[in-house]
Amino acid sequence: METFIQQIINGLVLGSMYALVALGYTMVYGIINLINFAHGEVLMFGALTSWTVVTLLVDSGLPGWALMLISMGAAVVVCAALNFTIEKLAYRPLRSPPRLAPLITAMGMSLLLQTIAMIIWKPNPKPYPQLLPSEPIDLGGPVITVTQILILGVTAIVLAILMYIVNRTKLGRAMRATAENPRVAALMGVKPDVVISATFVIPYPPRYPNMVPGQVTTKQTIDFMRKLDVKEIHGFE
């Protein structure tokens, strides 16, 4: 039983990390039906930025949790700015051409970011300093570390915030409307370009019904917009 509970803890921690990574893929594909092959490289830039900040400040005397928060903030800023720039320069001009063009562009952007990272940080492994206590906490047989607890807590908080944004805010309604039909959403006061840019910055996996391409009629879309109360979205006009 102890082994079973331990494996459940390990699976939840590993699944939480995968879930945070998958948010970026699902949000982009849900809005513009594009597999963002550069998403992993954006996360790589964030991780290497965090490593750079920590190595620069490791001798500053700051506690480990402070270094972690500073490096995390820097990584978030870099990832958000990089993803916004990629969408603005690489994906937005190719929104109308055939699907193959943005797909090839995404693959090219992935290779470009890999090359830039190797130029800046070199292709050598980077040991990340230990910032949190590594001693495991005994749960009566199974054990869990502070890092694992932090991963589970951050994942739960992020998912809760994103669910609130999607279901309770005007931006969330605009995202769902744009995912349903960008043209009709634009006619009802939503700015699809702004919404898509926000989606590249905010990791939100959209959930909406009947979104198989070619199966949603204009009447179904308008009815869906009315259910979302899109007419109240004035911040994107």
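Each chain carries its own residue numbering, running from 1 in the direction its sequence is written. The model is predicted, so local features are restricted to residues of pLDDT at least 70 and side-chain atom pairs to those at 80 or more, both for listing and for counting; the totals for chains, interfaces and linings are taken over all residues. Just so you know, side-chain values use all the structure's heavy atoms and leave hydrogens and water out.

J.: How should I be thinking about a nonpolar patch on the surface in this particular structure?
T.: Here the term patch refers to residues with relative accessible area over 30% and no salt bridge, with like charges joined within 9 Å and nonpolar side chains (Val, Leu, Ile, Met, Phe, Trp, Tyr) within 5 Å. A 1.4 Å probe and the Shrake-Rupley method give the accessible areas. Residues count as covered only by the protein chains that appear here. In what follows, salt bridge is the name for a side-chain nitrogen of Lys or Arg lying within 4 Å of a carboxyl oxygen of Asp or Glu. Judged by side-chain polarity, V21, Y25, Y29, I35, F37, L43 and M107 come together as a nonpolar surface patch covering roughly 590 Å² of accessible area. Counting residues per element, the nonpolar patch draws most heavily on helix α1 (residues 2–32), at three residues. A run of H or I in DSSP becomes a helix once it reaches four residues, and a run of E becomes a strand once it reaches two; helices and strands are each numbered from the N terminus. Note that Y29 resides in helix α1. Burial classes: relative accessible area under 20% of the type maximum marks a residue as buried, over 50% as exposed, and values in between as partly exposed (1.4 Å probe, protein chains only). Looking at Y29, the relative accessible area reads 44%, which means it is partly exposed.

J.: Teacher, can you tell me more about the packing of aromatic side chains here?
T.: By convention here, two paired aromatic rings are described through the distance between centres and the angle between planes. Under the pairing criterion, centres of Phe, Tyr and Trp rings, with the six-membered ring standing for Trp, must be within 6.5 Å; the plane angle then separates stacked pairs below 30 degrees from edge-to-face pairs above 60, leaving the rest tilted. Scanning the model with the defined rule gives two aromatic pairs in all. Plain terms: the ring middles of F45 and W121 are 5.5 Å apart, the flat faces sit at 80° to each other, and that makes the pair edge-to-face. Taken together, the residues F45 in helix α2 (residues 39–57) and W121 in helix α4 (residues 100–121) connect sequence positions 76 residues apart. By relative accessible area, which is 8% here, F45 ends up buried. With relative accessibility at 13%, the residue W121 sits in the buried group.

J.: Which parts of the structure should I look at to understand the side chain of S197?
T.: Along the polypeptide, S197 turns up in helix α8 (residues 192–201). The exposure class of S197 is buried, given its relative accessible area of 6%. Contacts were defined at the residue level, with two residues in contact if any of their heavy atoms lie within 4.5 Å. The contacts of S197, once residues within four sequence positions are left out, are F84, E87 and R92.

J.: Where do I start with the nonpolar core in this structure?
T.: In a soluble, globular protein the nonpolar side chains are often hidden away together inside. We call a set of buried Ala, Val, Leu, Ile, Met, Phe, Trp, Tyr and Cys residues a nonpolar core when their side-chain atoms join them within 4.5 Å. Counting residues in each nonpolar core, the largest one holds 34 residues, and the members touching the most others are I32, I86, Y91, M109 and L113. Contributions of two or more residues to this core are made by α1, α2, α3 (64–91), α4, α5 (146–168), α6 (170–180) and α8. Excluding residues that lie within four positions of it along the chain, I86 makes contacts with V42, Y91, M109 and L113. With five residues, the next largest nonpolar core counts V54, M68, L131 and L132 among its residues.

J.: Could you clarify how one ought to interpret the layout of surface pockets in this entry?
T.: A water-sized probe rolled over the atoms picks out the places where empty space is left. Both cavities and pockets are sets of points on a 1 Å grid over the protein atoms alone; in a cavity a 1.4 Å probe fits but cannot get out, in a pocket the set is open with protein on both sides within 12 Å along at least five of seven lines, and lining residues sit with an atom within 4 Å of a point. Grid points are joined across faces, edges and corners, and a volume is the space filled by probe spheres set on the points. Considering only enclosed or pocket space, the largest pocket measures out at about 1500 Å³ in volume. Lining of the largest pocket is provided by 38 residues; of these, L20, L43, M72, V76 and V154 occupy positions nearest its centre. Within the residue set of the lining of the largest pocket, elements represented by two or more residues are α1, α2, α3, α5 and α8. Top element by residues in the lining of the largest pocket is α5. It accounts for nine residues. Lys, Arg, Asp and Glu make up the charged group, whereas Ala, Val, Leu, Ile, Met, Phe, Trp, Tyr, Cys and Pro make up the nonpolar group; the residues left over, Gly among them, are polar. A per-class count over the lining of the largest pocket returns 30 nonpolar, eight polar and no charged.

J.: Please explain the environment of F37 as it appears in this structure.
T.: In this structure, F37 sits in the loop between α1 and α2. In the structure, F37 is positioned 68 residues away from T105 in sequence and 9.0 Å away in space, judged by C-alpha atoms. With near-sequence residues (within four places) excluded, F37 lies in contact with L103, A106, M107 and S110.

J.: Help me understand the packing of α1 against α2, please; the structure alone is not making it clear to me.
T.: If you want to describe how two helices pack, look at the angle between their axes and the distance between the axes. Interhelical geometry of α1 versus α2 gives an angle of 135° and a closest axis separation of 10 Å. Considered as vectors, α1 and α2 are oriented oblique to each other. Between α1 and α2 the crossing geometry is right-handed. Contacts between α1 and α2 pair V21, G24 and Y25 from the former with H39, G40 and L43 from the latter. Tallied by class, the residues present in the contact of α1 with α2 amount to three nonpolar, three polar and no charged. Structural elements are reduced to axes, namely lines fitted to C-alpha atoms, with helices fitted over the stretch in contact, and the angle between N-to-C directions of any two is expressed from 0 to 180 degrees. Every angle not falling under 35 degrees, over 145, or within 65 to 115 is termed oblique; those three ranges are roughly parallel, roughly antiparallel and roughly perpendicular. Helix crossings are classified by the rotation of the near helix relative to the far one: an anticlockwise turn of less than a right angle makes the crossing left-handed, while a clockwise turn makes it right-handed.

J.: Whenever I open this one, α2 confuses me. Can you help?
T.: One turn of an α-helix holds 3.6 residues; hence residues three or four places apart share an orientation. To estimate the expected span of a helix, count its residues, drop one, and scale the result by 1.5 Å. The end-to-end C-alpha distance of α2 is 27 Å, a good match for the 27 Å that 19 residues give at a rise of 1.5 Å each. Looking at the packing, one finds that the buried side of α2 touches α1, α3 and α4.

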